[in-house]
Amino acid sequence: MALGRSLRTVLVIDSGLPCNRFTSHSHNVLTHDGSTPAAIAEAARRDLARYESVRMVNTVAVTAEAAEGGFTVTTDDGARHGSRKLLIATGVRDILPPVDGLDACWGISALHCPYCHGYEVHGTRLAVLGNGDMGYEMVRLISNWSPHLSLYTNGAPTLTIEQREQIRAHGIAIVEEPLRRIEHESGRLRAIEIEDGTRYEHDAIFVRPAIEQHSDIASRLGCSITEQGLVAVDQFGATSMPGVFAAGDATTSMRTVAAAIASGTMAGAMMNRELIAEEWSR
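Quick look at the structure, then. This is a predicted model, so every value here is computed, not measured.

1. Brief notes about the pairing of strand E10 (residues 149–152)
And then number 1: Where burial is concerned, the two faces of E10 agree: the one with Leu149 and Leu151 and the one with Ser150 and Tyr152 are both buried.
And then number 2: When strand E9 (residues 126–129) meets E10, the two strands line up parallel, connected through four bridges. From the neighbouring strand, Leu129 faces E10, where its bridge partner is Tyr152.
And then number 3: You can see the chain leave E9, run along helix H4 (residues 132–142) and come back into E10, and the turn it takes is right-handed.

Here it is, written out as C-alpha cells:
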C-alpha cells in the first residue's frame, strides 16, 4: 500500500497460504480484533484494488536473482518478473515438537503468542511446553494470564536451580516426563498424557516452536541471516543486500499481524525513498 500510494508499479506475489491460516481468529489488531486471517487478507486485497499500479498474482516465487537495474523473480508457473527493488515478506514455517496430537491443536488450543491468544484462555488450565531458558521465559510470561499453569519439559529439564526454585515458588508444577500424546477433540485440548500414561487436564498449551524460512530466496540472494534463522534487517527493513528489503515474520520473533503491517509500511516507504534518491542522482 505504501508503494502504491507513492505511485509505484508494484507486483505482489502471494501463495495464499499464510502461516496464520491455522488460527481461527486474529487478535490484538486494531479495527480487526477477532477477525479471521482470511477476512483480514480479503480486506487487504480490497484496499489494494483501489490503486491501479498495484497488481496481485496468486502464485509462488521460487527464485530471485540480481539483474541489470534490479532483480528478476521467477514464479512456479515459469513467469519471470523484473523489478528495481525487492521486498521479501514470505514469513516462516513452524516446526512443532513431534508430539502426537499437537499439530491437530496448532492454532486452536496449541498457541504460540499470549498477546494474540492469551485473553481468550485467561484464567483457564494452561500448560507450557518448553525447557531451559526458553521454557523459563515462556512460563514466566504465561503466568500473567492464568494462575493455573504447569510447565512440561518433555524430558530431562535443563533449567537452572534458580529457575526451578522460582517456578515452583509461584505454584507452577514442573512435569519432566516425556509427552506421549495430546488428547483433544477437533483440536480442542482435553488432556496431556505423559509416557507412563498419567493424564493432566488442560484447556490450552503454549509452545514456542522452532522455525525455518518459508522461502530460501533471501539467503540465496546473499542476505544476512541471524542465528535465530531470521532475515537480518535494519530499522527500515533493509537487508544486507542492496535493493532487497524484508518485513513481517521472516524478520522478527514478534509474530503478530500488527507488527507485520507496521514493518511492511516502513519498508515500503523506505523503498520509495531509495527510488527517489536514485532517480534524482540520474
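Right, picking up where we left off after that structure.
2. A short note on the sheet that holds strand E13 (residues 188–194)
And then number 1: Across the sheet, three strands lie side by side as E12-E13-E14; this open sheet has antiparallel pairing. Since the sheet does not close on itself, it has two edges, and those belong to strand E12 (179–185) and strand E14 (199–201), each with one partner. Averaged over all pairs of adjacent strands, the angle between strand axes in this sheet comes to 25°, irrespective of strand direction.
And then number 2: Across three bridges, E13 lies against E14 in antiparallel orientation. Paired with Ile192 across the bridge in E14 is Tyr200.

3. A short note on the pattern of salt bridges
And then number 1: In total, this model carries 21 salt bridges according to the counting rule given.
And then number 2: The salt bridge partner of Glu201 is Arg125, with a shortest N-O separation of 3.0 Å. Of this pair, Glu201 sits in strand E14 while Arg125 sits in the loop between helix H3 (114–117) and E9, placing them 76 residues apart in sequence.
And then number 3: Residue Arg125 is classed as partly exposed on the basis of its relative accessible area of 35%.
And then number 4: The residue Glu193 makes a salt bridge to Arg180 at a minimum N-O spacing of 2.9 Å. Here the residue Glu193 occupies a position in strand E13, and Arg180 occupies one in strand E12, the gap between them amounting to 13 residues.
And then number 5: In this structure Glu193 comes out as buried when scored by relative accessible area, which is 8%.
And then number 6: A relative accessible area of 44% means that Arg180 is categorised as partly exposed.
And then number 7: Through salt bridges with shared partners, a single network forms among Arg8, Arg84, Lys85, Glu274, Glu278 and Glu279.

Rules behind the numbers
- Residues numbered from 1 in each chain as written.
- Predicted model: local features only at pLDDT ≥ 70, side-chain atom pairs only at ≥ 80, totals over all residues.
- Heavy atoms only, no water.
- Buried < 20%, exposed > 50% of the residue type's maximum accessible area, 1.4 Å probe, protein only.
- Helix = DSSP H or I, 4+ residues; strand = E, 2+ residues; numbered from the N terminus.
- Pairing = 2+ DSSP bridges.
- Right-handed = clockwise from strand over helix to strand, strands pointing away.
- Axes fitted to C-alpha atoms, helices over the stretch in contact; angles between N-to-C directions.
- Salt bridge = Lys/Arg side-chain N within 4 Å of Asp/Glu carboxyl O.

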